[in-house]
Amino acid sequence: MSQNPSHLLPSELIDRCIGSKIWVIMKGDKELVGTLRGFDVYVNMVLEDVTEIEITPEGRRITKLDQILLNGNNIAIE
Amino acid sequence: MSGGGGAGSKTPADFLKSIRGRPVVVKLNSGVDYRGILACLDGYMNIAMEQTEEYVNGQLKNKYGDAFIRGNNVLYISTSKRTMSEGA
Amino acid sequence: MAATAEEDSAVKEPLDLIRLSLDERIYVKLRSDRELRGKLHAYDQHLNMILGDVEEVITSVEIDDETYEEIVRTSKRQIPFLFVRGDGVILVSPPLRTS
């Protein structure tokens, strides 16, 4: 059973993304792109070389960040 | 690179250990930024900071000697280096 | 700096910052643009707090219909005794301590 790839747990999927570039869509008009370094049971994530994109009435605001710990609370799609 | 995590991964716990006493940017869900020296934090992401500066829309609004930030408001904790640009 | 003998005054976890502010006047930033200044009488791990001799400042921004200028209004009130529910708290700042 556990060897069947269709029974991949969500956390196993994220585990396979460690070291790759991922795109995270947050609640609200905000997105983050960065390299996944690690995560925990709450899906708090450590991301590196991050680009944060905020969509504001004035336009897109881009912020570059070295390394962040992203709170798993507000993640919508990853 | 990694702070002692297994197989080259850096877990949130490793990250938190590595940033204690360092300058950080804490962004809240409301969009407000706090910059200062991270004193300590706990499992709820409650944060104690020193020499804290509050930025709203990139503008300095307030300074606090010490500040406690309640963890539920925290969007991310970042190491301090950052650049900004605004596009149309 | 913090010797083990004076463990009481060491800040090891964030809530220690609050513990060290007991019976002092603190600043509390709440959701919906409310700020409080008052004397901290008690708190718990949720950051529910009992404050005494409180000044509350409420800030509101209105947009002028004709000029579209932002008008920032603040209203203040005094509250002798206040229970603050922790989930509304964003930030707590203790009085400036000389170190």
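Before reading further, recall that the structure is shown in the block above.
As the structure is a prediction and not an experimental result, all values here were calculated from the model.

A few words on the interface of chain A and chain B. Each partner contributes to the interface: chain A provides 27 residues, whereas chain B provides 26 residues. Here chain A meets chain B over a buried area of about 2,400 Å², counting both sides, of which 53% is carbon and sulfur. Looking only at chain A, the three residues that lose the most surface to chain B are Arg-61, Gln-67 and Leu-69 of chain A, adding up to 26% of its buried area. Across the contact surface, chain A and chain B share two salt bridges. Glu-54 of chain A serves as the salt-bridge partner of Lys-27 of chain B, at 3.5 Å between the closest nitrogen and oxygen. For the pair chain A and chain B, the interface holds nine residue pairs in polar contact (both at pLDDT 80 or more). Where the side of chain A that touches chain B is concerned, the elements lending two or more residues are strand E2 (30–39), strand E3 (45–56) and strand E4 (59–70) of chain A. Among the elements that make up the side of chain A that touches chain B, the one with the highest residue count is E4 of chain A (12 residues). Each residue belonging to the side of chain A that touches chain B can be placed in one class, and the counts come to nine nonpolar, seven polar and 11 charged.

Conventions adopted
Residues numbered from 1 in each chain as written. Chains lettered and ligands numbered in written order. Predicted model: local features only at pLDDT ≥ 70, side-chain atom pairs only at ≥ 80, totals over all residues. Heavy atoms only, no water. Contact = heavy atoms within 4.5 Å. Buried area = accessible area lost by both parts, 1.4 Å probe. Salt bridge = Lys/Arg side-chain N within 4 Å of Asp/Glu carboxyl O. Polar contact = N/O pair within 3.5 Å; in protein donor to acceptor, adjacent residues only side chain to side chain. Helix = DSSP H or I, 4+ residues; strand = E, 2+ residues; numbered from the N terminus. Nonpolar A, V, L, I, M, F, W, Y, C, P; charged D, E, K, R; others polar.

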